[in-house]
Amino acid sequence: MHSAPEKIAQIAVDVPLSRHFDYLAPGIDQADIGRRALAPFGRRLVVGVIVGIAHEPADPSFQLKRVKEIFYDVPPLPPAVLKLARFCSEYYHYPLGQVLATLLPVRLRRTQPVGALTEARYVLTQAGRDTAADALPKRALVKQKLLAALHAAGSLTHSEITRLSPSASKAVQAFATAGWVSITQEPLTAAPRNHALPASLDAPTLNAEQQQALDALRAAPTGFSAWLLHGVTGSGKTEVYLHLIEDILARGGQILVLVPEINLTPQLEARFQARFPQTAIVSLHSNLNEGERLKHWLMAQQGAAQIVLGTRLAVFTPMPALQLIVVDEEHDGSFKQQDGMRYSARDVAVFRAREAAIPILLGSATPALESYHNALNGRYRLLTLRARAVTDAAPPAVRCIDLRREALMEGFSTPLISALKQRIKRGEQSLLFINRRGFAPVLMCGDCGWLAGCTRCSSRLVVHLKEQRLRCHHCGHEERLPRACPSCGNVDLAPVGQGTQRLEATLEKLIPEARILRVDRDSTRRKNSLPEMLEKVHAEEVDILVGTQMLAKGHDFPKLTLVGILNADGGLYSADFRASERLFAQLLQVAGRAGRASSGGEVLIQTAFPEHPLFAALKHGNYAEFAQTLLAEREQAGLPPYAYQAMLRAEASHLEAALKFLRRAAALAQPNAAITLYDPVPALMPRRAAMERAQLLVESHSRGALQQFLNAWLPQLENSTARTVRWALDVDPIDA
Ligand code: ADP
Ligand code: ZN
Ligand code: ZN
């Protein structure tokens, strides 16, 4: 008798090897592809994803082990997502098992299946019913809102409550303590109920440019198409997205909206939910706890959520009825993952749209030069919004304050200070932008010239005066602020330069009547502190905002009429060829903060280089002007987007070991004429977190040639791994 051949599961496990592994799996069938499975690996049990089924083992001499368990807790990853993972594995040269482990929610990476998912529901008690919402203190706005919503609905789930207001989950705990609500756990339902939300906001009538853009998008033939929507901040791009999304929702499609920062999602989610109150919208970002994240992911996968709003990683969300992808602020650097799988979520999104044969819409006030280039050469279709959507909003007047003529008082010029005072008198708000948190970037001894440096990095320690500490912003190292110079004993150590904390302190002295709010990573560390701060700005409890690029985008402050830019000069002449592109994008975005008000906004830039072309383009508010200049420079220098790059990065405890690894790698390479292999060099920041870093740049005028070269080269590196060197490949790197 002949027994049927054993079935073999091909499993991609989370190990740094670029192949899958065979396991005996008698009961398996095609429908199990995409499921997670528990498999013995060495002496461990690991979780992997079943990526294929075979009847013959790849290596017949190898004694196959049996799969331990297949998880039937959640539906399998759909073919579209597996395909996306394969693409990433090939394009970024990253092991498939690790790609899959990256894209799965944390709960699904564990060695146990997930249990039943439940969610807390808060049910109004008799005591709660007897309490009138307007009997609560007038200042407890969130509590009033929450209680009113509970009165209207009788009960609310945890996610409905967090959607009411970021601080509502704290408020409901207080209600529980007071006995106004009781808590029950219920199984996760498909669609969330939205009865706690306000009625639909009417969509404004689009202006002519918006309508033109929408018409073009609507007239697009079915199938893949890529669009770049270029419009200044406030020109109504989001409104165009919303109109297009409405079409898709009416057809029963799902929409994926990618945004660069977690901080922007609550605001955008509220705007989307207000426009589409009957639509299930879920967010996916790293501020969610594991349970919420899994729940949202599953809702998307089961089609229960129509709109997914998320950051970078959300590009991999399974969405069976996906019909449109929107990438907002597509130029933003945070779409690029800088460790592990170094992917660009924007580029992966374009690939996904092509595979799914659907349109993708990239939006930005300052498109990445790569995207703009694609639009100019016809690969993307360019849609432009020139005017601001709100007709009486005028673009801000931009003026440079020449630091060669103006003396600074602790970082402030006289014209800037008087402009700030004037705004306070008029009851208007101002924003001061500086790209450095902390008190001062350098601590120096005036006697011997000693500078406080990080022992683990090639960088200076930043003075955090309030906490009396020195901190490294690269590796997290910190120490007490020294009382005296460790080198000569001088007790007169001087903080040099400005950070957000110092600006705040100086302003308190110079303009004592000002109500100042500092917004940076230090002041917003606590969950929900940023939304609370923004609420304060809207309530006009703030005169001057001092902050980093956190404030640069997305937030709409109607009372803000002045933007001051301090210390931007570092980005003008940098060794990183992308620095001026980034600086321009940032300044254009920050300047836009002053333009949303109906009264004329003003932008004041303190600089020692007022004649730099970047400032001229900023004055004209003209992205295209500066983008063309930069593109011409890049073309002449043979830099991206006119060339394709990959960077082999290596780090070791000694620089020489890293360089030696790269030299050996270079020797193994067999570049043809289409490939330029540069010499291994130390990284721009050669030492970081006690590791010495070096890099080897590979460049080609053809993406295909570059990929071909990498395919032949990388397996040789895998075989020659030196134990003391950690290395990684970065395809399309954005950091020098
Ligand atoms: P962007 O996304 O380009 O920054 P938004 O879509 O957020 O611009 O629009 C900026 C502001 O203008 C928002 O408050 C929005 O509600 C409003 N707005 C947009 N389009 C219109 C329109 N056609 N009519 C009236 N107001 C509009
Ligand atoms: Zn000294
Ligand atoms: Zn450090």
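Definitions and limits used
- Residues numbered from 1 in each chain as written.
- Chains lettered and ligands numbered in written order.
- Predicted model: local features only at pLDDT ≥ 70, side-chain atom pairs only at ≥ 80, totals over all residues.
- Heavy atoms only, no water.
- Helix = DSSP H or I, 4+ residues; strand = E, 2+ residues; numbered from the N terminus.
- Buried < 20%, exposed > 50% of the residue type's maximum accessible area, 1.4 Å probe, protein only.
- Polar contact = N/O pair within 3.5 Å; in protein donor to acceptor, adjacent residues only side chain to side chain.
- Contact = heavy atoms within 4.5 Å.
- Donors = N, O, S within 2.8 Å, 3.2 Å for Na, K, Ca; no water.
- Salt bridge = Lys/Arg side-chain N within 4 Å of Asp/Glu carboxyl O.
- Pairing = 2+ DSSP bridges.
- Domains from an automatic or database assignment.
- Buried area = accessible area lost by both parts, 1.4 Å probe.
- Core = buried A, V, L, I, M, F, W, Y, C linked by side-chain atoms within 4.5 Å.
- Axes fitted to C-alpha atoms, helices over the stretch in contact; angles between N-to-C directions.
- Parallel < 35°, antiparallel > 145°, perpendicular 65-115°, else oblique.
- Left-handed = near helix turned anticlockwise from the far one by under 90°.
- Nonpolar A, V, L, I, M, F, W, Y, C, P; charged D, E, K, R; others polar.
- Tetrahedral: all angles 85-135°; square planar, octahedral: opposite > 155°, others 65-115°.
- pLDDT = per-residue confidence, 0-100.
- Phe/Tyr/Trp six-rings, centres within 6.5 Å; stacked < 30°, edge-to-face > 60°.

Caption draft 1: Inspection of the side chain of Glu 602 at higher detail. Mapped onto the elements, Glu 602 comes out in strand E29 (residues 602-607). For Glu 602, a relative accessible area of 19% translates into the label buried. Polar side-chain contacts of Glu 602 include one of 3.2 Å to the side chain of Arg 423. With sequence-adjacent residues up to four places away left out, Glu 602 is seen in contact with Pro 396, Ala 397, Arg 399, Arg 423, Thr 561, Leu 562, Val 563 and Ala 594.

Caption draft 2: Representation of the coordination of the zinc ion (ligand 2) in the model. Within the first shell, the zinc ion (ligand 2) binds the protein through Cys 445 (SG), Cys 448 (SG), Cys 485 (SG) and Cys 488 (SG), at distances of 2.3 to 2.4 Å. Donor residues for the zinc ion (ligand 2), ordered by position in the chain, follow C-x2-C-x36-C-x2-C.

Caption draft 3: Examining the pattern of salt bridges more closely. Summed over all chains, the structure comprises 38 salt bridges. For Arg 346, the salt bridge identified is with Glu 330, shortest N-O distance 3.1 Å. In this pair, Arg 346 sits in helix H11 (residues 345-356) while Glu 330 sits in the loop between strand E14 (322-328) and H11, placing the two residues 16 residues apart along the sequence. By relative accessible area, Arg 346 is classed as buried at 11%. Residue Glu 330 is classed as buried on the basis of its relative accessible area, which comes to 0%. Members of the salt-bridge network, linked through shared partners, are Arg 399, Arg 423, Arg 426, Glu 428 and Glu 602.

Caption draft 4: A look at the sheet that holds strand E3 (residues 36-41). Taken in spatial order, the six strands of this open sheet run E5-E2-E1-E4-E3-E6, and their pairing is mixed. The open sheet has two edge strands with one neighbour each: strand E5 (65-66) and strand E6 (69-70). Sheet analysis places E3 next to E6, joined by two bridges and oriented antiparallel. Bridging across to E6, Ala 37 finds its partner in Ile 70.

Caption draft 5: Highlighting the domain arrangement of the chain. Domain annotation of the chain identifies domain 1 (8-109), domain 2 (118-187), domain 3 (208-385), domain 4 (397-440 + 497-632) and domain 5 (644-731). The gap between the C-alpha centroids of domain 3 and domain 5 is 34 Å. In this complex, domain 3 contributes four residues to the contact, which on the side of domain 5 involves six residues. In this assembly, domain 3 packs against domain 5 so that about 320 Å² is buried in total across both faces, 31% of it on carbon and sulfur atoms. Three residues, Lys 336, Arg 342 and Arg 379, lead the burial of domain 3 against domain 5; their summed loss comes to 93% of the area buried on that side. Along the contact surface separating domain 3 from domain 5 lie one salt bridge.

Caption draft 6: Geometry of the nonpolar core. Within the largest apolar cluster, 121 residues are counted, with the highest numbers of intra-cluster contacts made by Leu 100, Leu 545 and Trp 713. Take this core: its biggest share by element is seven residues, from helix H1 (residues 79-91). Sequence-distant contacts of Trp 713, defined by excluding residues within four places in its chain, comprise Leu 648, Ala 665, Ala 666, Leu 668, Ala 669, Leu 696 and Val 698. Ranked by size, the runner-up nonpolar core spans 29 residues in total, among them Leu 229, Ile 248, Val 257 and Leu 324.

Caption draft 7: Representation of the packing of H1 against helix H2 (residues 96-103). Close contact between H1 and H2 brings their axes to 9 Å; oriented N to C, the two are set at 125°. On the basis of their axis angle, the class for H1 and H2 is oblique. Here H1 and H2 pass one another in a crossing that is right-handed. Listed contacts from H2 to Val 81, Leu 82, Ala 85, Arg 86, Cys 88 and Ser 89 of H1 are Leu 96, Val 99, Leu 100 and Leu 103. Taken together, the residues that form the contact of H1 with H2 break down as eight nonpolar, one polar and one charged.

Caption draft 8: Here's a closer look at the coordination of the zinc ion (ligand 3). Within the protein, the zinc ion (ligand 3) binds to Cys 454 (SG), Cys 457 (SG), Cys 472 (SG) and Cys 475 (SG); these donor distances fall in the range 2.3 to 2.4 Å. Taken together, the four donor atoms coordinating the zinc ion (ligand 3) span angles of 106 to 115° at the metal, a pattern that classifies the geometry as tetrahedral. Site description for the zinc ion (ligand 3): donor spacing in sequence, C-x2-C-x14-C-x2-C. Here Cys 472 lies in the loop between strand E23 (469-471) and strand E24 (478-480) and Cys 454 lies in the loop between strand E21 (442-445) and strand E22 (462-464), a separation of 18 residues in the sequence.

Caption draft 9: Quick look at the confidence of the model for the chain. Residues at a pLDDT of 70 or more form 95% of the chain, whose mean pLDDT is 90. For residues 192-199, every residue scores under 50 in pLDDT, and the model assigns this stretch 25 contacts once sequence neighbours within four places are set aside.

Caption draft 10: How the structure looks around the packing of aromatic side chains. The tally for this structure, following the rule as stated, stands at eleven aromatic pairs. Arranged with centres 5.6 Å apart and planes meeting at 15°, the rings of Phe 87 and Tyr 91 form a pair that is stacked. Of this pair, Phe 87 and Tyr 91 are both found in helix H1, four residues apart, which corresponds to roughly one turn of the helix. Assigned by exposure class, Phe 87 and Tyr 91 land together as buried. Between the aromatic rings of Tyr 372 and Tyr 623, the centroid separation amounts to 5.0 Å while the plane-to-plane angle is 85°, which identifies the pairing as edge-to-face. Residue Tyr 372 is located in helix H12 (residues 369-376), and its partner Tyr 623 is located in helix H18 (residues 623-637); the two are separated by 251 residues in the primary sequence. For Tyr 372, a relative accessible area of 5% puts it in the buried group. Using a relative accessible area of 6% as the deciding quantity, one classes Tyr 623 as buried. Taken together, the aromatic side chains of Phe 87, Tyr 91, Tyr 92 and Phe 351 make up a single cluster linked through ring pairs.

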